[in-house]
Amino acid sequence: MNIEKAYIQSPVGIIEISGSDAGIRSILFMDNDCELNQIPDCLTECAGQLSEYFAGKRKQFNLKMDPMGTGFQLKVWEQLQVIPFGKTISYLDLARMTGNLNNTRAVGNANGKNKLNIIIPCHRVIGINGKLTGYGGGLWRKEFLLKFEMGNAISGLFAGL
(Lines give C-alpha, C1' and ligand atoms only; values in the text may rest on other atoms or scores of the structure.)
Protein backbone atom coordinates (compact mmCIF):
# COMPACT_ATOMS: atom_id res chain seq x y z
CA MET A 1 0.00 0.00 0.00
CA ASN A 2 1.47 3.29 -1.14
CA ILE A 3 1.01 6.18 1.32
CA GLU A 4 0.49 9.50 -0.47
CA LYS A 5 0.99 12.97 1.04
CA ALA A 6 -0.46 16.36 0.34
CA TYR A 7 0.20 19.75 1.91
CA ILE A 8 -2.59 22.32 2.17
CA GLN A 9 -2.74 25.82 3.55
CA SER A 10 -5.10 26.52 6.46
CA PRO A 11 -5.71 29.26 9.04
CA VAL A 12 -3.51 27.27 11.44
CA GLY A 13 -0.64 26.86 9.00
CA ILE A 14 0.25 24.13 6.58
CA ILE A 15 -1.43 20.78 7.14
CA GLU A 16 0.04 17.51 5.90
CA ILE A 17 -2.54 14.90 4.89
CA SER A 18 -1.34 11.36 4.36
CA GLY A 19 -3.21 8.26 3.35
CA SER A 20 -4.04 5.82 0.61
CA ASP A 21 -7.05 4.19 -0.96
CA ALA A 22 -7.46 2.41 2.41
CA GLY A 23 -8.21 5.77 4.05
CA ILE A 24 -6.69 8.82 5.69
CA ARG A 25 -3.74 7.88 7.92
CA SER A 26 -2.81 11.25 9.38
CA ILE A 27 -3.52 14.97 9.42
CA LEU A 28 -0.59 16.79 10.96
CA PHE A 29 0.30 20.41 11.50
CA MET A 30 3.59 21.49 9.98
CA ASP A 31 5.74 24.06 11.76
CA ASN A 32 8.24 24.39 8.95
CA ASP A 33 7.80 25.48 5.38
CA CYS A 34 6.50 22.76 3.11
CA GLU A 35 5.88 23.04 -0.55
CA LEU A 36 2.20 22.84 -1.38
CA ASN A 37 1.72 20.09 -3.92
CA GLN A 38 -0.78 18.54 -6.27
CA ILE A 39 -3.27 16.63 -4.15
CA PRO A 40 -3.35 12.89 -4.96
CA ASP A 41 -6.77 11.49 -5.85
CA CYS A 42 -7.01 9.45 -2.63
CA LEU A 43 -6.64 12.66 -0.56
CA THR A 44 -8.81 15.12 -2.50
CA GLU A 45 -12.00 14.42 -0.54
CA CYS A 46 -10.16 15.00 2.74
CA ALA A 47 -8.61 18.25 1.50
CA GLY A 48 -12.04 19.39 0.33
CA GLN A 49 -13.72 18.57 3.64
CA LEU A 50 -10.98 20.37 5.58
CA SER A 51 -11.49 23.43 3.36
CA GLU A 52 -15.23 23.29 4.06
CA TYR A 53 -14.51 23.00 7.80
CA PHE A 54 -12.30 26.11 7.79
CA ALA A 55 -14.89 27.95 5.68
CA GLY A 56 -17.45 27.26 8.43
CA LYS A 57 -19.50 24.99 6.15
CA ARG A 58 -18.69 21.61 7.72
CA LYS A 59 -19.12 20.46 11.30
CA GLN A 60 -18.69 16.71 10.79
CA PHE A 61 -16.36 14.74 8.58
CA ASN A 62 -17.36 11.82 6.44
CA LEU A 63 -14.11 10.23 5.40
CA LYS A 64 -12.67 6.77 5.15
CA MET A 65 -9.96 6.65 7.82
CA ASP A 66 -7.03 4.31 8.36
CA PRO A 67 -5.76 5.18 11.86
CA MET A 68 -2.84 3.24 13.28
CA GLY A 69 -3.01 2.55 17.01
CA THR A 70 -3.56 0.03 19.75
CA GLY A 71 -7.02 -1.31 20.53
CA PHE A 72 -7.30 1.08 23.48
CA GLN A 73 -6.18 4.08 21.41
CA LEU A 74 -8.72 3.24 18.72
CA LYS A 75 -11.45 3.03 21.39
CA VAL A 76 -10.48 6.46 22.75
CA TRP A 77 -10.34 7.96 19.24
CA GLU A 78 -13.80 6.54 18.52
CA GLN A 79 -15.14 8.33 21.61
CA LEU A 80 -13.50 11.60 20.56
CA GLN A 81 -15.63 11.56 17.42
CA VAL A 82 -18.85 11.81 19.43
CA ILE A 83 -17.88 15.14 21.03
CA PRO A 84 -20.15 17.66 19.32
CA PHE A 85 -18.75 20.47 17.21
CA GLY A 86 -18.19 23.57 19.36
CA LYS A 87 -18.24 21.62 22.64
CA THR A 88 -15.50 20.49 25.00
CA ILE A 89 -15.16 17.71 27.53
CA SER A 90 -12.56 16.96 30.19
CA TYR A 91 -10.12 14.07 30.24
CA LEU A 92 -12.18 12.68 33.12
CA ASP A 93 -15.30 12.81 30.94
CA LEU A 94 -13.40 11.00 28.19
CA ALA A 95 -12.23 8.34 30.65
CA ARG A 96 -15.85 7.91 31.74
CA MET A 97 -16.88 7.50 28.10
CA THR A 98 -14.34 4.69 27.69
CA GLY A 99 -15.75 2.91 30.72
CA ASN A 100 -13.14 3.51 33.43
CA LEU A 101 -12.76 6.69 35.49
CA ASN A 102 -9.30 5.54 36.57
CA ASN A 103 -8.05 5.72 32.97
CA THR A 104 -7.55 9.49 32.79
CA ARG A 105 -3.79 9.25 32.23
CA ALA A 106 -4.13 6.45 29.70
CA VAL A 107 -6.90 8.39 27.94
CA GLY A 108 -4.72 11.52 27.90
CA ASN A 109 -1.85 9.52 26.44
CA ALA A 110 -4.09 7.98 23.76
CA ASN A 111 -5.53 11.42 23.00
CA GLY A 112 -1.99 12.70 22.47
CA LYS A 113 -1.16 9.87 20.05
CA ASN A 114 -4.03 10.78 17.71
CA LYS A 115 -2.59 11.61 14.29
CA LEU A 116 -5.90 12.51 12.66
CA ASN A 117 -6.08 16.05 14.00
CA ILE A 118 -9.30 18.00 13.47
CA ILE A 119 -11.14 14.98 12.00
CA ILE A 120 -10.74 13.03 15.24
CA PRO A 121 -11.20 16.13 17.40
CA CYS A 122 -8.73 15.65 20.24
CA HIS A 123 -8.58 19.46 20.51
CA ARG A 124 -12.03 19.33 22.16
CA VAL A 125 -10.60 17.72 25.31
CA ILE A 126 -9.56 20.15 28.04
CA GLY A 127 -8.54 19.98 31.69
CA ILE A 128 -11.23 19.42 34.31
CA ASN A 129 -10.58 22.98 35.50
CA GLY A 130 -11.51 24.30 32.05
CA LYS A 131 -7.93 25.12 31.10
CA LEU A 132 -6.32 24.17 27.85
CA THR A 133 -3.81 21.40 28.30
CA GLY A 134 -1.32 19.77 25.96
CA TYR A 135 -1.87 19.61 22.25
CA GLY A 136 0.62 18.14 19.79
CA GLY A 137 -0.09 20.93 17.32
CA GLY A 138 0.61 23.59 19.94
CA LEU A 139 -1.76 25.23 22.40
CA TRP A 140 -2.23 28.21 20.10
CA ARG A 141 -3.77 25.90 17.48
CA LYS A 142 -5.99 24.21 20.07
CA GLU A 143 -7.20 27.62 21.24
CA PHE A 144 -7.80 28.74 17.65
CA LEU A 145 -9.77 25.59 16.76
CA LEU A 146 -11.93 25.79 19.89
CA LYS A 147 -12.72 29.49 19.40
CA PHE A 148 -13.36 28.90 15.70
CA GLU A 149 -15.78 26.05 16.42
CA MET A 150 -17.54 27.81 19.27
CA GLY A 151 -18.03 30.90 17.11
CA ASN A 152 -19.43 28.85 14.24
CA ALA A 153 -21.62 26.75 16.53
CA ILE A 154 -23.16 29.91 18.01
CA SER A 155 -23.66 31.64 14.66
CA GLY A 156 -25.25 28.43 13.35
CA LEU A 157 -27.88 28.64 16.09
CA PHE A 158 -29.11 31.96 14.74
CA ALA A 159 -28.81 31.16 11.04
CA GLY A 160 -32.51 30.37 10.68
CA LEU A 161 -33.79 33.46 12.48
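Scroll up to find the structure this text is about.
All values reported here derive from a predicted model rather than from experimental measurement.

Engineer: Would you take a moment to explain the nonpolar core for this structure?
Structural biologist: Across soluble globular proteins, nonpolar side chains have a tendency to be buried as a group. Counting 36 residues, the largest nonpolar core has Ile15, Ile17 and Ile118 as its most contacted members. Mapped by element, the contributors of at least two residues to this core are strand E1 (4-10), strand E2 (13-20), strand E3 (23-29), helix H1 (41-54), helix H2 (71-80), helix H3 (91-97), helix H4 (104-113) and helix H5 (139-157). In terms of residue count, the dominant contributor to this core is H1 (six residues). If we skip the residues at most four places from it in the chain, Ile15 touches Ala6, Tyr7, Ile8, Ser10, Ile27, Leu28, Phe29, Phe54 and Ile118.

Engineer: Would you mind going over the environment of Ser26 with me for this structure?
Structural biologist: Examined against the element boundaries, Ser26 turns out to sit in strand E3. Separated by 48 residues in the primary sequence, Ser26 and Leu74 place their C-alpha atoms 14 Å from one another. Among all residues touching Ser26, those that are not within four sequence positions of it are Glu16, Ile17, Ser18, Lys115 and Leu116. At 2.6 Å, the side chain of Ser26 and the side chain of Ser18 are in polar contact.

Engineer: Explain the pairing of E2 here, please?
Structural biologist: Along a regular strand, successive side chains alternate from one face of the sheet to the other. Most of E2 sits inside the fold, with seven of its eight residues counted as buried. With seven bridges connecting them, E1 and E2 associate as antiparallel partners. Residue pairing for E2: Glu4 is matched across the bridge by Gly19. Between E1 and E2, which pair antiparallel one after the other, the connecting turn spans two residues. Here six bridges tie E2 to E3, and the two strands are oriented antiparallel to one another. Residue pairing for E3: Glu16 is matched across the bridge by Leu28. Linkage of E2 to E3, two consecutive antiparallel strands, is achieved through a turn of two residues.

Engineer: Sorry if this is basic, but what is going on with the packing of H2 against H4 here?
Structural biologist: To characterise two packed helices, one gives the angle between the axes of the helices and the distance between these axes. Here H2 crosses H4 at 80°, and the two axes come no closer than 9 Å. With respect to their mutual orientation, H2 and H4 come out roughly perpendicular. Contacts from Phe72, Gln73, Val76, Trp77 and Leu80 in H2 reach Ala106, Val107, Ala110, Asn111 and Lys113 in H4. For the contact of H2 with H4, the class distribution of residues is seven nonpolar, two polar and one charged.

Engineer: Help me understand empty space enclosed by the protein in this model?
Structural biologist: Any empty space left between the atoms is revealed when a probe the size of a water molecule rolls over them. Inspection of every chain in the model, using the stated rule, returns one cavity of 30 Å³ or more. Roughly 40 Å³ of internal volume is contained in the largest cavity. Considering the residues around the largest cavity, the lining is formed by Arg25, Pro67, Met68, Trp77, Lys113, Asn114, Lys115 and Leu116. Its residues assigned to classes, the lining of the largest cavity shows four nonpolar, one polar and three charged.

Engineer: Explain H4 to me, please; I cannot follow it from the model alone.
Structural biologist: Of all the residues in H4, the buried ones are Val107, Ala110 and Asn111. Looking straight down H4, one finds its buried side chains confined to an arc of 105°; they lie on one side. Facing away from the buried side of H4, by more than 90 degrees, are the exposed residues Arg105 and Gly112. In this structure, the buried residues of H4 make contact with H2, H3 and strand E5 (125-126).

What counts as what
- Residues numbered from 1 in each chain as written.
- Predicted model: local features only at pLDDT ≥ 70, side-chain atom pairs only at ≥ 80, totals over all residues.
- Heavy atoms only, no water.
- Core = buried A, V, L, I, M, F, W, Y, C linked by side-chain atoms within 4.5 Å.
- Buried < 20%, exposed > 50% of the residue type's maximum accessible area, 1.4 Å probe, protein only.
- Helix = DSSP H or I, 4+ residues; strand = E, 2+ residues; numbered from the N terminus.
- Contact = heavy atoms within 4.5 Å.
- Polar contact = N/O pair within 3.5 Å; in protein donor to acceptor, adjacent residues only side chain to side chain.
- Pairing = 2+ DSSP bridges.
- Axes fitted to C-alpha atoms, helices over the stretch in contact; angles between N-to-C directions.
- Parallel < 35°, antiparallel > 145°, perpendicular 65-115°, else oblique.
- Nonpolar A, V, L, I, M, F, W, Y, C, P; charged D, E, K, R; others polar.
- 1 Å grid on protein atoms, 1.4 Å probe; cavity = no way out; pocket = protein on both sides within 12 Å on 5 of 7 lines; lining within 4 Å.
- Points joined across faces, edges and corners; volume = space filled by probe spheres on them.
- Arc of directions from axis to C-beta.

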